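Coordinates in review
Listed below are the residues making up each chain.
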Amino acid sequence: MRRHQLDIQLKTPEQIEKMRAAGLVVADALARMRAAVAPGVSTADLDAIAESVIRGAGAVPSFKGYHGFPATICSSVNEQIVHAIPAADQVLREGDLISIDCGAVLDGWHGDAAITVGVGEVRPELLRMAEVAEDAMWAGIAAAARGMLNRRGRLTDISFAVERAVRAAGRYGIVEGYGGHGIGTEMHQDPHVLNHGRPGRGPRLVPGMALAIEPMITMGSPRSVELSDGWTVVTRDGSVAAHVEHSMALLDDGVWVLTAPDGGRARLGDLVTAREPAPSAPAG
């Protein structure tokens, strides 16, 4: 079933269960890479970890071969914002900030998520920027859940919530032109989800929608440049960037953060659907 105009694919609860399985593969790959990030590790090393985890789970990397992209992950270091290609000669150094974007397709359904990780001892202001990006992502997801549950939500409520969280935290650049997207049987679907904008616009937020929410912010200008490799996007002013992402789906009773191991429960509480079991109470 698809909504008219933007061609938004609405999923059944059973299809969202399949997307959850793909999302957990991505979550596992990202957790393994987060643990491996250290000075002296190359971005190609991280790519190999991701491919091993994904294929070991019976899934396929979403990125590899996508419009010719040659790798399993995007590994964007410092001024690189997004879509950087892993390489054996890109070796992480103490103080770097790396954003790792990863996708997997399992049984025909996609998961997509990104994390930003510090390498060794990192300047506090850079770690703070990564935290701001993550908080803004969760603010956007929460806005989607509330808007769907009260049946008054529209797409740009997410964009507004992301922007408001970033603006409240400091003077960061919100990268122009890039944002989240619909996700399902293809990695990128309608609608495009900007990380800034006025609320109350765009399609209504309804059960069955699945969206990837992905703030990209910088320590400086919001303007970017694509390098000659046709993929890597960097900040125009050379400032450091952060990029985070989760895929989430809306159900009748709440949101399901498909690429979060706990479904989003720790950050969103009762906004999370009952399909994600609540943590059991400790024994004793």
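Notes on the structure in this doc start here.

Looking at the packing of aromatic side chains
Aromatic rings in a pair are described by how distant their centres are and how their planes are angled relative to each other. Here the structure, examined in full by the defined rule, presents 1 aromatic pair. Pairing Phe-69 with Trp-231 gives two aromatic rings, centres 5.0 Å apart and planes at 80 degrees, and the pair type is edge-to-face. With Phe-69 in the loop between β3 (60-61) and β4 (73-77) and Trp-231 in the loop between β13 (224-226) and β14 (233-235), this residue pair connects regions lying 162 residues apart in the sequence. Residue Phe-69 is classed as buried on the basis of its relative accessible area of 3%.

A look at the pattern of salt bridges
By the definition in use, this model includes 9 salt bridges. Between Asp-252 and Arg-151 there is a salt bridge whose closest N-O contact spans 3.9 Å. Of the two residues, Asp-252 is situated in the loop between β16 (246-251) and β17 (254-257) and Arg-151 in the loop between α3 (124-149) and α4 (155-169); the sequence distance between them amounts to 101 residues. The class for Arg-151 is partly exposed, based on a relative accessible area of 46%. Among the salt bridges present, the one from Arg-167 reaches Glu-163, with a minimum N-O distance of 3.5 Å. Residue Arg-167 and its partner Glu-163 are both found in helix α4; the two are separated by 4 residues, about one turn of the helix. On the basis of relative accessibility, which here comes to 45%, the residue Arg-167 falls in the partly exposed class. It is possible to trace a salt-bridge network through shared partners that takes in Glu-51, Arg-55 and Lys-64.

Examining the sheet that holds strand β12 (residues 216-218)
With antiparallel pairing, 3 strands are arranged side by side in an open sheet as β8-β12-β15. Two strands lie at the open edges of the sheet, namely β8 (173-174) and β15 (241-243), each paired on one side alone.

Notes on the side chain of Asn-195
Residue position: Asn-195 is located in the loop between β10 (189-194) and β11 (210-213). A distance of 3.0 Å separates the side chain of Asn-195 from the backbone oxygen of Glu-214, its partner in a polar contact. Look past the residues within four positions of Asn-195 in its chain and what remains in contact with it is Ser-159, Val-162, Glu-163, Ile-174, Tyr-178, Gly-179, Glu-214, Pro-215 and Met-216.

Things to note about the environment of Val-206
Mapped onto the elements, Val-206 comes out in the loop between β10 and β11. You can call Val-206 buried: its relative accessible area is 19%.

Calculation rules
- Residue positions are given per chain, counted from 1 along the sequence in the order it is written.
- This being a predicted model, a pLDDT of at least 70 is required before a residue's local features are given, and a value of 80 or more before pairs of side-chain atoms are given or counted; all residues contribute to the totals for chains, interfaces and linings.
- Here the side-chain values reflect all heavy atoms present in the structure, with hydrogen atoms and water set aside.
- Only the six-membered ring of Trp is used, alongside the rings of Phe and Tyr, when aromatic pairs are assigned; centres must lie within 6.5 Å, and planes under 30 degrees apart are stacked while those over 60 apart are edge-to-face, with the rest tilted.
- The helix count covers DSSP runs of H or I at least four residues long, the strand count covers runs of E at least two residues long, and both are numbered beginning at the N terminus.
- Classification of residues uses two cut-offs on accessible area relative to the type maximum, computed with a 1.4 Å probe and protein chains only: under 20% is buried, over 50% is exposed, and between them is partly exposed.
- The salt bridge criterion pairs a side-chain nitrogen of Lys or Arg with a carboxyl oxygen of Asp or Glu, the two atoms within 4 Å.
- Two strands make a pair as long as DSSP finds a minimum of two bridges between them.
- Under this definition, polar contacts are N or O atom pairs within 3.5 Å; protein pairs additionally need one hydrogen-donor-capable and one acceptor-capable atom, and for neighbouring residues in sequence, both atoms have to be side-chain atoms.
- By the convention used here, residues are in contact when the closest approach between their heavy atoms is within 4.5 Å.

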